[in-house]
Amino acid sequence: MSAQILDGKLLAAQLREQVAAKVSALRASGKRAPGLAVVLVGGDPASQVYVGMKEKMTEAVGMHSVAHRLPETTSEQELLAVVAALNADPAVDGILVQLPLPAHLNSELIINTIDPAKDVDGFHPVNVGRLSAGLPALVPCTPRGCIMLAKLARADLSGLHAVVVGRSNIVGKPVAQLLLQENCTVTIAHSRTRDLPALCRTADLLVAAIGRPKYLGAQHVKPGAIVIDVGINRITTAEGSSKLVGDVDYDAAAEVAGAITPVPGGVGPMTIACLLDNTLTAYERRAE
Ligand code: NDP
């Protein structure tokens, strides 16, 4: 079977174009541009790359971009003061504090200090609670991207059995909530789940958010299933070069699946596109 490849690069570009068109219409009607602030503490190389990409794409869709690059030695009080200033800044609609933070900073405290109306990452307990209660919320970006990609394979996910492997607060749990909203029957699996291959083979829609390279293979995939691979793992190949792979063994799973996301080029690009879309949503809700 040759699986449909769910192209996140293309879908993300389309979503960014839609956001750019809406921002352009706002500007043309004399309104201010939506603003996104990103706060980076320390010099983690991967985080620096992400923040640079976020800034570039925020500007590319015509939004106002604010970046705070703070030294590793920043104290909790200093960081809380930056967040408080962004909460109070009327030109800022979305605030993202890049995780992970250095060990001396309490991430939970910092995230809980962001105004929920500006929490475009969707990690504040108010947004987490609203999502689980089925109320309008700012929804975490990567999980939103997963649903949009699954809908490329099948517009109506209603009635499907979805198995989500991984129960983190940033991916597994919110993906499960969103799938429930799509009327899927949802099972959440984790490291203590018994007979994972047999469970996964009951899934019409399989979401892998584990953080283990190529952990799920053909034996985990029901023929024709939709496979969404959230994993981003850097491995060293036999030739000694470095490459990114997902939590799914793509070549093996694609033989069995009906549709599958590649890594890279699947879920990854959707995250920043959804972040920009969330910023627009936050802007619109604040303007109401
Ligand atoms: P976490 O480490 O927070 O969570 C991993 C989850 O996988 C846990 O619930 C864990 O179970 C479960 N797990 C680990 N090993 C197994 C196993 N052998 N069998 C079944 N379940 C297992 O990871 P995240 O949710 O933050 O990230 C998951 C992956 O997604 C990573 O590769 C990460 O890089 C990627 N990611 C990609 C993003 C993107 O933009 N595309 C954004 C965020 C993450 P337990 O709870 O029992 O320990």
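Please refer to the structure placed before this passage.
Student: Teacher, can you tell me more about the site of the ligand here?
Tutor: Near the ligand, the surroundings consist of 23 residues, among which R167, S168, S191, R212 and T271 are the closest. In the environment of the ligand, a nitrogen atom lies 3.0 Å from a nitrogen or oxygen atom belonging to the side chain of Y215. Take T271: an N or O atom from its side chain is 2.8 Å from an oxygen atom of the ligand. The fraction of the free accessible surface of the ligand (920 Å²) that becomes covered by protein chains is 72%. In the shell around the ligand, the residues fall into 10 nonpolar, 10 polar and 3 charged.

Student: Help me understand the side chain of N278 in this model?
Tutor: Checked against the element boundaries, N278 lands in helix α10 (residues 267-287). Accessibility expressed as a relative area gives 3% for N278, which makes it buried. A polar side-chain atom of N278 sits 2.8 Å from the main-chain carbonyl oxygen of V139. Ignoring anything within four residues of it in the chain, the contact list for N278 reads V120, L138, V139, C141 and R144.

Student: Got a minute to help me understand the sheet that holds strand β5 (residues 161-165) in this structure?
Tutor: Strands sit in the order β1-β11-β8-β7-β5-β6 across an open sheet of 6 strands; the sheet is parallel. At either margin of the open sheet sits one strand with a lone partner, and together these are β1 (4-5) and β6 (185-189). Relative to β6, β5 runs parallel, the two sharing 5 bridges. Following the sheet pairing, A162 is matched in β6 by V186. Across the sheet, helix α7 (residues 172-181) is in contact with β5, β6 and β7 (205-208); its angle to β5 comes to roughly 170°.

Student: For this particular structure, what's the right way to read the pattern of salt bridges?
Tutor: Under the counting rule described, the total for this entry stands at 6 salt bridges. Taking the shortest distance from any N to any O, the salt bridge between D93 and R32 comes out at 2.8 Å. Of this pair, D93 sits in the loop between α3 (76-88) and β4 (94-97) while R32 is found in the loop between α1 (8-28) and β2 (35-41), placing the two residues 61 residues apart along the sequence. The partner of E55 in a salt bridge is R69, and the shortest N-O contact between them spans 2.6 Å. Note that E55 is positioned in helix α2 (residues 45-60) and R69 in strand β3 (residues 64-70), a separation of 14 residues in sequence. A relative accessible area of 49% places R69 in the partly exposed class. The network of salt bridges with shared partners includes R32, D93 and R286.

Conventions used here
- Here, residues in each chain are numbered from 1, in the same order as that chain's written sequence.
- The predicted nature of this model means local features are confined to residues of pLDDT at least 70 and side-chain atom pairs, given and counted, to a pLDDT of 80 or more, with totals for whole chains, interfaces and linings taken over all residues.
- Remark: hydrogens and water are excluded; side-chain values derive from all non-hydrogen atoms of the structure.
- Nearness of a residue to a molecule or strand requires only that one of the residue's heavy atoms be within 4 Å of it.
- Polar contacts, as counted here, are pairs of nitrogen or oxygen atoms within 3.5 Å of one another; within protein the pair requires one atom able to donate a hydrogen and one able to accept it, and residues that are adjacent in sequence qualify only if both atoms are side-chain atoms.
- Note on areas: Shrake-Rupley with a 1.4 Å probe; residue coverage comes only from the protein chains shown.
- Charged means Asp, Glu, Lys or Arg here, nonpolar means Ala, Val, Leu, Ile, Met, Phe, Trp, Tyr, Cys or Pro, and polar covers whatever is left, Gly included.
- Helix and strand labels come from DSSP, where a helix needs a run of H or I of at least four residues and a strand needs a run of E of at least two; each type is numbered from the N terminus.
- A simple rule labels every residue: compare its accessible area, found with a 1.4 Å probe on the protein chains alone, to the largest value its type can have, and call it buried under 20%, exposed over 50%, or partly exposed in between.
- Whether two residues touch is decided by their heavy atoms; if any such pair falls within 4.5 Å, the residues are in contact.
- Two strands qualify as a pair provided that DSSP identifies no fewer than 2 bridges between them.
- Each axis is a line fitted through C-alpha atoms, and for a helix only the stretch in contact is used; angles between axes span 0 to 180 degrees, taken between their N-to-C directions.
- Salt bridge, as used here: a side-chain nitrogen of Lys or Arg that lies within 4 Å of a carboxyl oxygen of Asp or Glu.

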